[in-house]
Amino acid sequence: MKLYQHLYLAITVLILTSCQSDIQSKSESDNPLATPSPKVITLDKDFQPAIEQTIYVPVYSHIYHHNRQEVFNLAATLSIRNTDLNNQIIITSVRYYNSNGKLLKQYLEKPIQLDALAAYDFFITRNDVSGGVGANFIVQWVAAKTVSQPIIEAVMIGTDFQQGISFISPGRVIKSQNNK
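For the structure given in this document, a descriptive report is provided here. (Residues numbered from 1 in each chain as written. Predicted model: local features only at pLDDT ≥ 70, side-chain atom pairs only at ≥ 80, totals over all residues. Heavy atoms only, no water.)

What follows deals with the overall build of the protein chain. Helices and strands together make up the secondary structure of the protein chain, namely one helix and 13 strands. The linear arrangement of helices and strands in the protein chain, starting from the amino end, is α-β-β-β-β-β-β-β-β-β-β-β-β-β. Residues classed as buried in the protein chain amount to 32% of the 180 residues present. Counting every atom, the protein chain has about 11900 Å² of accessible surface; 54% of that belongs to carbon and sulfur. (Helix = DSSP H or I, 4+ residues; strand = E, 2+ residues; numbered from the N terminus. Buried < 20%, exposed > 50% of the residue type's maximum accessible area, 1.4 Å probe, protein only. Areas by Shrake-Rupley, 256 points an atom, 1.4 Å probe, with all protein chains shown as cover.)

Within the largest apolar cluster, 29 residues are counted, with the highest numbers of intra-cluster contacts made by Leu78, Ile80, Ile91, Val94, Phe137, Val139 and Trp141. Among the elements of the structure, strand 2 (51-58), strand 5 (75-81), strand 6 (89-97), strand 8 (112-114), strand 9 (119-124), strand 10 (136-143) and strand 11 (151-160) are those that each provide at least two residues to this core. Residues within four places of Val139 in sequence aside, it is in contact with Gln53, Thr54, Ile55, Leu78, Ile80, Ile91, Ser93, Val94 and Ile152. (Core = buried A, V, L, I, M, F, W, Y, C linked by side-chain atoms within 4.5 Å. Contact = heavy atoms within 4.5 Å.)

A word on the side chain of Ser169. Among the structural elements, Ser169 can be located in strand 12 (residues 163-170). Only 2.9 Å separates the side chain of Ser169 from the backbone oxygen of Pro58, close enough to count as a polar contact. Once you skip the residues sitting within four places of it in the chain, Ser169 turns out to touch Val57, Pro58, Tyr60, Glu153, Ala154 and Met156. (Polar contact = N/O pair within 3.5 Å; in protein donor to acceptor, adjacent residues only side chain to side chain.)

Have a look at this one:
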């Protein structure tokens, strides 16, 4: 009788353990909050883009309040969304500058590909005020075919106690070239 009890116990433990690992792997892969890793690519030296643009995106690491005597720190998310229904775009550069125009961070070592309707984001914590009120991102992108323009914007948010603020800052094209 004891042999059967141990056998049943062992089988039960195996079943519960395998179910638990399936639940964990399923929940990790189905997490809608997880940002997927972008597809890093290498552009061939013969690559001829059909379109290329440079986008300026204003970002605010803080804003002033109470007659500029206090600052309200903000977290910022740079969102890049490929709006084309069928074609990919390639993000070649994402650079973050402070209010004085000094480069603070180069986010990409190699270009990344955004498939049709895909999105990717870059985050600046609320505690990082190195950019100042005049911070900005410069985003450069290319496409092999003519595509609809991506939406590139910054979303700023900050909360303290029962006070909160959030707003978006749309990107502006500062350089554009159509090659086809």
